[in-house]
Each structure stands twice: as structure tokens, then as C-alpha cells.
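# Structural characterization, general
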Amino acid sequence: MLKIKKINSASLNKFYDRIRRHHQKYLKNHDVKLPKLKNNKGFYMKDALILIYLSQGYPLTKKATKQELTQFIRKYYPNTNDVQQARHLGAQKGWWILAGGRDNIVLSLKRGEYQLYTLEKPYPGFTEGRRQVKSFDWNDIKKNYSYRCATCGSKEGEPHFHWPQTITKLQQAHKNPEQTLNKRNIIPQCQKCNRADRNRWIYDDKGRAIKLANANVLKSCSESVQKKAYRILYEKYNGKAPNQLEQK
């Protein structure tokens, strides 16, 4: 088994500064977000640690397994259960990190392997910045999505994909229902998708559900899924009762 070592503070700062300079020059204008190196309490951020680890030796980077990345993060956060940052930093946040098993044609990687490809271009297909219009013009937003529902793809004014007897009508839908409806928090959804999932999910700019917005969704899940969710939260909060958790 590969022995993972902790990176000293000086090297972390050096690697992060290189990432920051490349981000400023190549990625900032594409709306790729640079994670902070440390949080307000002075602890290193997991996203930054993963970027630093994958960027070692740049531009001649090496592949790393999910287990390897998890071991590295545990050097800073010993109770880390499973590292997901590499996958999220890629398609969702715009860093060109390749993931094995996704049919990529750039590098040959196995499932569970990741590799930073470049710091000079955003992840292909990352369109967060391109789809944020300068003004809250509903027609412009629909145009950016080719007048289609971001979730199911049904086209406005034409028969719905799944209910062909119904004409598709696009509605202003929240990406995150916990936030106000503004140009950065709106996607077009057909009446079917918007009504069915309203206030239940958080969507990305491609209309894919990526997080729960309403915990009550778990009540409609199977008992096996509820038990899995319970086990995850039980381990995360060390078995504390709800009234023992800190209020944020």
C-alpha cells in the first residue's frame, strides 16, 4: 500500500500559490471558483488540499486513487470517511480533473482514479459563467438553454417528451429553493419538472439534482435508504441527539 505523507505548511503555501496564479490568469474569467486555502479557524480546506495534492509536479501530474486521496485528507482530518472532492471539483466546479470510468478520451484512467489534466483550461462543458446573464431577462435565460427544460429537455411550445399530449411550458425555477430567485439562481423547467420537484432539490446549472433541499424527502424513501442515511449522519455527528448539535 502506498504510504501517504503530510505536506508541510511551506510546501502547501507554495503549491497553492501556483494554483492561484494559474487560476487568476486562465480560469477566473470562466467562473471557476478558487477554494480558500484555510477556513476562518485556520484549518486547511479539503478542496484546496485535493487540488494541491493532484497538482504536485505540474504540468507533469500523476494519477491518484480515491483511496490515496482519502488517506491524504485523513492526515489533516482523521475522521474523514470518504473523499468526494476530486469528483466535485471537476464537472461541478470547473477544474479539469479527469475521473476514471467516465469514458474520457484525454487520458486512460481506471474507475476510482483521478488526475489533474491542466490548470490553463476549465473542465470541458463547464458553462456556469456562460449561462449567467447580465440582466434578469427571462427570454435570454431560456435562449441560453435552447428553449428547453434544463431537467428533462422538453422544448417550449412542443409536445412534452414524457407527456406527449401536453404542450411544454417553461417556468422560472430555483436552482436552490433556499435562495432568492435571481439571475444566478434560475433555470428554466417545464411545468411537469417544476411542480414535481419544487422545493425538494438543489440543481446545478445543467438541471441535475445534486443535493437535498428538503430533508423530508427522506420520509418517502425506502427503509433501506433511510437506514443508510441514518448511519451516515450518526457517524458524522458521533451519535449526538439532535438537540445536542450546535446551531449554525
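Predicted model only: the values in this text are computed from it and were never measured. (Residues numbered from 1 in each chain as written. Predicted model: local features only at pLDDT ≥ 70, side-chain atom pairs only at ≥ 80, totals over all residues. Heavy atoms only, no water.)

## A word on the layout of surface pockets
A probe matching the size of a water molecule, rolled over the atoms, marks out where space remains unfilled. Stated precisely, the cut-off is as follows: In the cavity and pocket records, a cavity denotes points on a 1 Å grid over the protein atoms alone where a 1.4 Å probe fits but cannot get out, a pocket denotes an open set with protein on both sides within 12 Å along at least 5 of 7 lines, and lining residues are residues with an atom within 4 Å of a point. Grid points are joined across faces, edges and corners, and a volume is the space filled by probe spheres set on the points. By the criteria applied, helices consist of DSSP H or I runs no shorter than four residues and strands consist of E runs no shorter than two, each listed in order from the N terminus. In the scheme used here, Gly and all other residues not listed as nonpolar or charged are polar, with Ala, Val, Leu, Ile, Met, Phe, Trp, Tyr, Cys and Pro taken as nonpolar and Asp, Glu, Lys and Arg as charged.
Considering only enclosed or pocket space, the second largest pocket measures out at about 1,300 Å³ in volume. Lining the second largest pocket are 32 residues, with Gln 92, Ile 202, Ile 210, Lys 211 and Leu 212 positioned closest to its centre. Of all the elements in the fold, those that place two or more residues in the lining of the second largest pocket are α4 (85–92), β6 (201–203), β7 (209–212) and α7 (223–236). Grouping the constituent residues of the lining of the second largest pocket by class yields 14 nonpolar, eight polar and ten charged.

## With respect to the packing of aromatic side chains
Quick note on the threshold: Whether two aromatic rings pair depends on their centres lying within 6.5 Å, for rings of Phe, Tyr and Trp, where Trp uses its six-membered ring; planes under 30 degrees apart make the pair stacked, over 60 edge-to-face, and the rest tilted. Note on exposure labels: buried denotes an accessible area under 20% of the residue type's maximum, exposed denotes more than 50%, and partly exposed covers the range between, all computed with a 1.4 Å probe on protein chains only.
Taken as a whole and assessed by the stated rule, the structure comprises five aromatic pairs. With 5.9 Å between their ring centres and 75° between their planes, Tyr 44 and Tyr 76 make a pair best called edge-to-face. Of the two residues, Tyr 44 is situated in the loop between α1 (9–27) and α2 (46–55) and Tyr 76 in the loop between α3 (66–74) and α4; the sequence distance between them amounts to 32 residues. Given the relative accessible area of 13%, Tyr 44 is considered buried. Relative accessible area serves as the criterion here: at 16%, Tyr 76 is assigned to the buried category. The interplanar angle of 55° and the centroid separation of 4.7 Å between the aromatic rings of Trp 96 and Tyr 117 together place this pair among those described as tilted.

## Focus: unusual backbone geometry
With an omega of 10°, the peptide bond running from Tyr 58 to Pro 59 counts as cis. Along the chain, Pro 59 turns up in the loop between α2 and β1 (64–65). Non-glycine residue Tyr 147 carries a positive phi angle of around 60°. Mapped onto the secondary structure, Tyr 147 falls in the loop between α5 (138–144) and β4 (170–174). Relative accessible area serves as the criterion here: at 28%, Tyr 147 is assigned to the partly exposed category. Phi angles above zero are rare outside glycine, and Asn 238 is one such case at about 55°. Position of Asn 238 among the secondary structure elements: in the segment after α7. Here Asn 238 falls in the exposed class, since its relative accessible area comes to 63%.

## Focus: the pattern of salt bridges
Where charged atoms from two side chains of opposite charge come close, those side chains can pair. Operational definition: Salt bridge, as used here: a side-chain nitrogen of Lys or Arg that lies within 4 Å of a carboxyl oxygen of Asp or Glu.
Inspection of every chain in the model, using the stated rule, returns nine salt bridges. Residue Arg 20 is joined to Asp 17 by a salt bridge in which the shortest nitrogen-to-oxygen separation is 2.6 Å. Taken together, the residues span about one helical turn, with Arg 20 and Asp 17 both in helix α1 at a distance of three residues. You can call Arg 20 partly exposed: its relative accessible area is 35%. A salt bridge links Glu 223 to Lys 227; the shortest N-O distance between them is 3.4 Å. In this pair, Glu 223 and Lys 227 are both assigned in helix α7, four residues apart and thus about one turn of the helix distant. Look at Lys 227 and you get partly exposed, because its relative accessible area is 48%.

## Thoughts on the confidence of the model for the protein
Counted only if it meets this: On a scale of 0 to 100, pLDDT captures the predictor's confidence in every residue. Any two residues whose heavy atoms approach within 4.5 Å at even a single point are treated as in contact.
Across the protein, pLDDT averages 87, with 92% of residues at or above 70. Scored below 50 in pLDDT, residues 128–134 shows 17 contacts in the model against residues more than four places distant or in partner chains.

## Considering the packing of α2 against α3
Basically, it comes down to this: A fitted line through C-alpha atoms represents every axis, and for helices the fit uses only the stretch in contact; the resulting angles, taken between N-to-C directions, go from 0 to 180 degrees. Here the angle decides the label: under 35 degrees means roughly parallel, over 145 means roughly antiparallel, 65 to 115 means roughly perpendicular, and every other value means oblique. Rotating anticlockwise by less than a right angle from the far helix to the near helix defines a left-handed crossing, while the corresponding clockwise rotation defines a right-handed one.
Orientation of α2 relative to α3, taken along the N-to-C sense of each, is 125°, at an axis distance of 10 Å. When the axis of α2 is compared with that of α3, the two are oblique. When the axes of α2 and α3 are compared, the crossing they make is right-handed. For the pair α2 and α3, the contacting residues are Lys 46, Leu 49, Ile 50, Tyr 53 and Leu 54 in the first and Glu 68, Leu 69, Phe 72 and Ile 73 in the second.

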